[in-house]
Amino acid sequence: MAGTSNPDVTPGGVPAILFDASAIADAVARLAAAIARDLAGEPVTLIGVLKGALFLTADIARALPAKTDVRIDFVTVSSYGNAAFSSGEVRLLKDTTESVEGKNVVIVEDIVDNGLTLAYLQGLLGARRPATLRSCVLLDKPYRRLTPVAVDYTGLTAPDAFIVGYGLDYQEKYRHLPYLARLEDRVSAG
Ligand code: IMP
């Protein structure tokens with residue numbers, strides 16, 4: 001039951017939908033198709049960036065052809081602390097469990113904002129001699145870059161707003177929303 005005592009849900013409402021579940025599903029299907037095309041049947045290791053790419057990694061993996069040799073690994077990085085802005089510092093909190101040497105690696109990231117997180121991960125994993133290293137992001141804010149970074153697969157271009165849902169959080173909240181929403185815009189809780 002929706003708790004009327006929850007200050008994040010009432011009376012301010014919940015963040016308003018920016019991209020609904022169907023728009024996310026379409027973007028995921030496009031991303032997976034492009035990854036599969038470039039793999040041309042070769043094995044792939046998806047490296048999801050926790051926690052934000054939790055659902056994206058799961059959905060991309062399941063959208064790849066069943067006959068593809070798909071491995072899934074995760075890293076955890078921290079760059080924002082609990083703030084809605086970047087501290088500019090990227091820290092590796094959890095490394096991959098498997099070696100990436102000689103593998104076709106695709107980094108799966110929820111959103112690229114200033115580019116520091118993805119640039120850091122590309123440097124870290126690229127130094128480990130993968131066969132190929134590509135990057136797949138659901139949301140891109142290209143106009144916010146502080147560091148130029150190559151993104152091979154982009155799902156959606158995001159407006160200049162703080163976005164939550166489908167894995168993305170604000171102070172660890174809202175990851176569970178099945179859609180992408182603007183934190184600043186509120187609608188009545190449903
Ligand atoms: P970057 O290093 O600035 O490119 O930021 C990448 C990371 O910042 C993402 O993996 C997210 O965790 C976080 N981030 C950037 N923009 C947003 C946003 O609009 N909502 C939620 N998290 C964000």
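**Regarding the overall build of the chain**
Here comes step 1: Helix and strand content of the chain: three helices and nine strands.
Here comes step 2: Starting at the N terminus and ending at the C terminus, the chain contains elements arranged as β-α-β-α-β-β-β-α-β-β-β-β.
Here comes step 3: For the chain, with 190 residues in total, the buried portion stands at 42%.
Here comes step 4: Considering only contacts within the chain whose residues lie at least 6 apart along the sequence, 67% involve residues at least 24 apart.

**Quick word on the side chain of threonine 117**
Here comes step 1: Mapping threonine 117 onto the fold places it in helix H3 (residues 116-126).
Here comes step 2: Residue threonine 117 is classed as buried on the basis of its relative accessible area of 12%.
Here comes step 3: If near-sequence neighbours (up to four positions away) are discounted, threonine 117 is found in contact with Val77, Ser79, Val90 and Glu109.

**A word on the sheet that holds strand E9 (residues 180-187)**
Here comes step 1: With respect to topology, three strands assemble into an open sheet ordered E1-E9-E8, the strand pairing being antiparallel. Bordering the open sheet on either side are strand E1 (14-19) and strand E8 (163-164), each of which pairs with just one other strand.
Here comes step 2: In this sheet, E9 lies alongside E1 in antiparallel orientation, the contact comprising five bridges. Of the residues in E9, the one forming a bridge with phenylalanine 19 is leucine 180.

**Remarks on the packing of aromatic side chains**
Here comes step 1: Taken as a whole, this structure holds two aromatic pairs when the rule is applied.
Here comes step 2: Consider the rings of phenylalanine 55 and tyrosine 166, whose centres lie 6.1 Å apart with planes at 40°: the pair is tilted. Separated by 111 residues along the polypeptide, phenylalanine 55 in helix H2 (residues 54-63) and tyrosine 166 in the loop between E8 and E9 bring together distant segments of the chain.
Here comes step 3: Of the residues examined, phenylalanine 55 reaches a relative accessible area of 32% and is grouped as partly exposed.
Here comes step 4: Residues phenylalanine 162 and tyrosine 170 carry aromatic rings whose centres are separated by 5.9 Å and whose planes lie at 75° to one another, so their mutual orientation is edge-to-face.
Here comes step 5: The buried category is assigned to phenylalanine 162, whose relative accessible area is 17%.
Here comes step 6: A relative accessible area of 23% means that tyrosine 170 is categorised as partly exposed.

Reading the values: rules and limits
- Each chain carries its own residue numbering, running from 1 in the direction its sequence is written.
- Thresholds applied to this predicted model are a pLDDT of at least 70 for local features of residues and 80 or more for the giving and counting of side-chain atom pairs; totals over whole chains, interfaces and linings are not thresholded and use all residues.
- Remark: hydrogens and water are excluded; side-chain values derive from all non-hydrogen atoms of the structure.
- Numbered from the N terminus, helices here are DSSP runs of H or I no shorter than four residues, and strands are runs of E no shorter than two.
- Relative accessibility decides the category of a residue: with a 1.4 Å probe and only protein chains considered, values under 20% of the type maximum give buried, values over 50% give exposed, and everything between is partly exposed.
- We call two residues in contact whenever any of their non-hydrogen atoms come within 4.5 Å of each other.
- When DSSP locates at least two bridges between a pair of strands, those strands are taken to pair.
- Between the rings of Phe, Tyr and Trp (Trp by its six-membered ring), a pair exists once the centres lie within 6.5 Å; its type follows the angle of the planes, with under 30 degrees stacked, over 60 edge-to-face, and the other angles tilted.

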